[in-house]
Every structure is written in structure tokens, then in C-alpha cells.
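Each chain, written out:
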Amino acid sequence: MSIRVLVVDDQALVRAGFRMILETQADIEVVGESADGAEAVEVAARLAPDVVLMDIRMPEMDGIEATRTLTNVGDRRAGSGSEGPRVIILTTYDLDEYVFEALEAGASGFLLKDVRPEDLVQGVRVVAAGDALLAPAITRRLIAEFAGRAQRHPVLVQDPRLDRLTPREREILGLVAKGLSNSEIASTAYVSENTVKTHLARIFDKLELRDRAQAVIVAYEAGLVAPGSPAARD
């Protein structure tokens, strides 16, 4: 089965360029295009894409609000509602000021608009497979953001969702939040990479998370990781 993609950008040339690149792949199908967030929500409901390439700055409804609507973040946190498509944010700069907001809204990762064709294709495949598309620099930005929040609003009560996790799973979640890759976690925890993947699958299931991006957010919001914890190197 092919990966169904919706391209959302207010610039027709950008949409056309992404469509041209993606449609050269046998396993990817561009099912539609939208010029703004409101239209994207309407089109996605009709076409049911697997992945949405979403610009941030658009008229009518911006990419962050559209992402929040498409991924059903509010409903899922309340324990109801089904998952929407996975969203990749298109940005001009890899440290865009809206990075944190977009991830909190349910985005699964980021791609620069001048991304190489092969990286665009790989990014779509990675997100469609259920993983997050986060560069180490983005993870570090998240950590810095949460460190600042924790200083302003210290966590007084541990998130009860963490009670669902075993001690080992809490340890693995903490290492993910520090920005470590699966191989680095395996080395730190003295387990195999396959064991790390198994732990992560259970963590995502127990905490009802979509991917690694949301895992980082939950770990910091729950106070599982202390501000200033070192992140992995590039």
C-alpha cells in the first residue's frame, strides 16, 4: 500500500515542487494539496492522508492550529478520539520559533523547505512508519524550552500517567527525553537496541503517545527529567 500524502502550503510553487519529488516514488501518492490550514482540515477529512506536509505561516488558519485539529491532540489527551494523520512541519529555519508549539500540537517532526529530495522522501517514510523526525538540534531546543518552563513553573505533583510504567520503562523514557538515540540508550542501559525498541513501544502504548516527539514532551511536563539534563551530541 502506498503512503498517502497531503501537501499544505500557501505557495503553489512549493506544493508543486514537493508533489513532483514525491510522485517519483512507487510507494508514495500525493492525494491532494491545500493552500491554507482551514482547507487542509477539510481536505484531510475527505481524503484521509497518512502524512501531511504542513507549512506554519498561512492565511485563514495557521499550520499549528491545523496540526492540532488534524492530530486530535485535545481529544486524545482526554482519553477519547482517534489519531489523525501524522504531520511534518515545513519550516524555513531548523530552529523556527514555532518548533515547540508545533510539537505540542501533535507534529511528528520537521523538514526544511529546501530539503534535499532524498531526505524529503525518507522523512515521509519515517513518519508514516510511526517514528519521529527530530534532529538533535531540535531535541536540544525542546530541552532548553522545558528547562525554562520548569524554572518558572516547578512541577509540584508527579504526573499520574507515569505510574503505568515499570522502573525500567521510566528510565528509558528519561533517556529519550535527554535526546539520546536508540543506540545510545542501549549503551547507557546495557541492553540491546531491540530491547530498547520493545520498551519504547510499551511506553508509547501505556502513555498513549504517537512517537518520540510526544515522549520528550510528556517526560518534561511530568517532571521525570530535571532541567539542565545533558542532551546527546550531534
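Rules used throughout
Residues numbered from 1 in each chain as written. Predicted model: local features only at pLDDT ≥ 70, side-chain atom pairs only at ≥ 80, totals over all residues. Heavy atoms only, no water. Helix = DSSP H or I, 4+ residues; strand = E, 2+ residues; numbered from the N terminus. Buried < 20%, exposed > 50% of the residue type's maximum accessible area, 1.4 Å probe, protein only. Contact = heavy atoms within 4.5 Å. Areas by Shrake-Rupley, 256 points an atom, 1.4 Å probe, with all protein chains shown as cover. Polar contact = N/O pair within 3.5 Å; in protein donor to acceptor, adjacent residues only side chain to side chain. Expected span 1.5 Å × (residues − 1). Arc of directions from axis to C-beta.

A few words now on the overall build of the chain. For the chain, the count of helices and strands is 11 helices and five strands. Residues counted as buried form 46% of the 234 residues belonging to the chain. Put simply, of all contacts in the chain between residues at least 6 apart along the chain, 69% involve residues at least 24 apart. Surface exposure of the chain reaches about 11300 Å², of which carbon and sulfur atoms provide 51%.

We now examine the environment of Ser2. Mapping Ser2 onto the fold places it in the segment before strand S1 (3-8). Expressed as a C-alpha distance, the spacing of Ser2 and Ala26, which sit 24 residues apart in the sequence, is 7.4 Å. Beyond its immediate stretch of four places on either side in the chain, Ser2 contacts Ala26, Asp27, Ile28, Glu29 and Asp50. Engagement of the side chain of Ser2 in a polar contact is seen with the side chain of Glu29, the distance being 3.5 Å.

As a further point, take helix H10 (residues 193-207). Its 15 residues place the ends of H10 21 Å apart at the C-alpha level, agreeing with the 21 Å of an ideal helix rising 1.5 Å per residue. Along H10, the residues that are buried comprise Val196, His199, Leu200, Ile203, Phe204 and Leu207. Down the axis of H10, the smallest arc covering the buried residues is 135°, so these residues share one side. Facing away from the buried side of H10 by more than 90 degrees, the exposed set consists of Asn194 and Asp205. Buried residues in H10 make contact with helix H8 (167-177), helix H9 (182-189) and helix H11 (212-221). Taken from the residues just after H10, Glu208 is the one with a positive phi, measuring 55°.

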